[in-house]
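An overview of the molecular structure
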Amino acid sequence: MTFVQAPPQLGNQYQDDDVLRGFLRRVLPMATLAAIENDLVTIGDYAAQAWALARQRSAIEPTLMTWDAWGQRVDRIELTPAWHDAKIIAARHGLVAAGHDSTHGEHARVHQFAMVYLFHNASEFYSCPLAMTDGAATVIKASANTYLIERALPHYFSRDPAQHWISGQWMTETSGGSDIGGTETSAHEIDAQWHLSGRKWFTSAVHANTALVLARPAGNADGADSLALFYIEPRDADGHWRGIEIDKLKHKLGTRELPTAEIHLHDAPAILVGEKRNGVRAVAPMLNVTRTWNAICALATMRRGIALARDYAQRRNVFGRALIEQPLHRDTLAGMQAEFEACFQLTFFLTELLGRVQANVGKPDEVLLLRLLTPIVKLWTGKQAVTIASEACECFGGAGYLEDSGIPQLLRDAQVFSIWEGTSNVLALDFLRALQAPESLRVLLDAQQRWLDASISDELADCAREARNTMIKNTDSIRESQQGSRENLEAGARRAA
Ligand code: MFK
Ligand code: FAD
């Protein structure tokens, strides 16, 4: 009989993940781990089942129906089955709420992001609107806008799928996504009611219940400083769009189950979140939260590629033995695992910091370290996700290039992590922006010294010492460039980051 290769399989993605479990045992009190472990096992199981289910069906994407049979403009978006399942799991397990819940104190973010890490791949990027919802909640909390706090937060944090709201983030226009200074969407106030008009060029999860939108109040000057941040509810209680038309759903390399639209706003009713200007400063907390989600989901992509490749290596025979027995393949997998674990420890360290700062137990140095590391971690994990996803495809040989094996999707999806929420260059420049704070270089070097002191073996200490020496060399050149021209400083930003 002709040989037929068994495909890779996934077990419970929490129980099978020694790195995650080891980390949680190290950083969480035993009682906290015991309290959250059921969530993790359930989502770990959902992850395994979603992989198996996706292999049994053809690829499916959301669709836009612009007009109904009677000539009415409806702009109806049909979502995919994976998104319907993900919505329920996300609400029930509080994937947004857990990050803001005080039950586990400073560990709230570790709890939340451990769930997000397990959830992301199965959800087919339902993680994207959840990230934006978390970001919107963070912005609204910080705004002290009591109307929005009372109206939106209970929905963002609801664990009832019927009550849970998600948010979009409408910033990018045709004039630019990195540089939003050319934003043309305008805001007019008539009888104490704001209305927005213009065109937004990328709006992910466009059907979300709410969105935070950058727009320029009439009469404000040109440039980014004069933009203001608005909150909108794009549809009314009957689901009709309020002054919004969906022009089209974008045809994308990856993230295909995520409906990303081009839209026009025609006097869409809106609420001013804070002041009538400085909208970029107001939205910055959202960017930092979504960048952390991005890093976690990039990490999840790496872990998924490695989990599949390791399973397959037990099933595939080459040159007379299992692939896993081939020393060079084992070395390849070990290299991927090492890169992944480095990203894992750095990213989850960031979630610890975020939890401490948010719970007001973070020291001033930790506040600075959080600000400095967020762009670096987003940048680094975005790049490593592509590298590891590409290597993972290769681990399957030709099958890794076939769409219906499910493997190429990892690589297609991975490419987004370094583009949205700030490209690598924008993040490197953001790192330089953060470095302008007094004491920032010292804080980075102190953190590095602590990692060196904590090294548990000579090999690790050697690595940490080498990294520290590189960093000292880099910081010296940053110091020199800070005194030199801005051009040189920017040109070296990626290397510095
Ligand atoms: C599955 C994973 C989930 C991920 C979800 C993804 C879904 C969403 C997809 C999207 O892509 S949404 C759109 C995301 N867009 C961006 O990320 C924009 C990228 N561009 C930047 O980040 C630019 O750096 C920026 C627009 C912020 C530059 O704007 P400006 O006005 O030229 O910046 P400026 O003047 O330096 O900063 C204005 C203020 O904001 C300053 O504060 P002050 O007014 O108090 O001086 C800055 O310090 C502050 N600021 C800027 N970035 C900050 C920040 N503060 C804290 N953290 C930051 N990151
Ligand atoms: P540009 O800003 O034109 O960048 C082009 C190149 O220029 C990049 O390589 C960049 O690194 C580089 N560059 C820019 N500035 C500098 C500089 N100063 N120095 C050096 N290099 C620089 N946006 C939203 O607002 N809401 C959404 O929901 C949303 N969803 C998205 C979904 C997907 C799938 C994708 C791909 C994008 C989405 N975006 C969304 C848009 C995304 O945030 C932007 O595409 C991104 O910020 C880059 O902006 P841009 O496309 O205008 O590219």
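Throughout, residues of each chain are indexed from 1 in the direction in which the sequence is written. For naming, the first written chain is A and the first written ligand is 1, with later ones following in the order written. This being a predicted model, a pLDDT of at least 70 is required before a residue's local features are given, and a value of 80 or more before pairs of side-chain atoms are given or counted; all residues contribute to the totals for chains, interfaces and linings.

For the chain, an unreviewed UniProt entry supplies the name Acyl-CoA dehydrogenase and the organism Pseudolysobacter antarcticus. UniProt positions are given in the numbering used here, feature names are shortened, and annotations may be inferred rather than shown by experiment. Database annotation for the chain, UniProt heading Cofactor (unreviewed entry): "FAD". Turning to the chain, the UniProt annotation filed under Sequence similarities (unreviewed entry) states: "Belongs to the acyl-CoA dehydrogenase family."

Let us look at the overall build of the chain. Think of it this way: any DSSP run of H or I at least four residues long counts as a helix, any run of E at least two long counts as a strand, and we number them from the N terminus. Of regular secondary structure, the chain possesses 15 helices and 11 strands. In this treatment the radius of gyration is a C-alpha quantity, and the globule benchmark scales as 2.2 Å times the residue count to the 0.38 power. Relative to the compact-globule value of 23 Å for 497 residues, the chain shows a C-alpha radius of gyration of 23 Å, a close match. Considered along the principal axes of its C-alpha atoms, the chain spans approximately 75 × 65 × 45 Å. Using C-beta atoms placed from the backbone, we call a residue buried if 20 or more other C-beta atoms fall within 10 Å of its own, exposed if 12 or fewer do, and partly exposed for counts in between. Within the span of the chain, comprising 497 residues, buried residues form 43% of the whole.

On to the site of ligand 2, then. Nearness here has a simple definition: the residue's C-beta atom, placed using the backbone, must lie within 6 Å of the molecule or strand. If you check the shell around ligand 2, you find 22 residues, and the closest are Gly 177, Ser 178, Phe 202, Ser 204 and Thr 423. Contributions of two or more residues to the shell around ligand 2 are made by strand 3 (167-170), strand 5 (193-204) and helix 11 (424-435). If you count residues domain by domain, the shell around ligand 2 takes at least three from each of domain 1 (18-57 + 93-123 + 281-429) and domain 2 (168-278). Domain delimitation in this document rests on an assignment produced automatically or drawn from a domain database.

Right, let's talk about the site of ligand 1 for a bit. Surrounding ligand 1, one finds 29 residues, the nearest of these being Ala 131, Ala 224, Ala 284, Cys 297 and Trp 420. Each residue is assigned to one class: nonpolar for Ala, Val, Leu, Ile, Met, Phe, Trp, Tyr, Cys and Pro, charged for Asp, Glu, Lys and Arg, and polar for all the others, Gly among them. Taken together, the residues of the shell around ligand 1 break down into 14 nonpolar, 11 polar and 4 charged. Counting contributing residues per domain, the shell around ligand 1 is built from domain 1 (18-57 + 93-123 + 281-429) and domain 2 (168-278), each supplying no fewer than three.

This paragraph deals with helix 9 (residues 364-395). Between its first and last C-alpha, helix 9 extends 45 Å over 32 residues, near the 46 Å set by a 1.5 Å rise per residue. The sharpest bend along helix 9 measures roughly 30 degrees and falls at Leu 373, with the proline Pro 375 sitting one to four residues further on. The buried fraction of helix 9 is high, at 24 of 32 residues. Trailing helix 9 by a residue or two, Gly 397 shows a phi angle of about 60 degrees, which is positive. One fewer than the residue count of a helix, multiplied by 1.5 Å, yields its expected span. The angle between axes fitted to the seven residues ending at a residue and the seven residues starting there is what we call the bend at that residue.

A positive phi angle, close to 55 degrees, is found at Glu 124, a residue other than glycine. One can find Glu 124 in the loop between helix 4 (108-123) and helix 5 (127-143). By the C-beta count within 10 Å, which is 25 here, Glu 124 ends up buried. Positive phi values are uncommon outside glycine, yet Asp 267 reaches one of about 55 degrees. Secondary-structure assignment places Asp 267 in strand 9 (residues 260-272). Judged by C-beta crowding, with 15 C-beta atoms within 10 Å, Asp 267 ranks as partly exposed.

Another aspect to go through is the domain arrangement of the chain. Splitting the chain by domain gives domain 1 (18-57 + 93-123 + 281-429), domain 2 (168-278) and domain 3 (438-496). With centres defined by C-alpha atoms, the gap from domain 2 to domain 3 works out at 39 Å.

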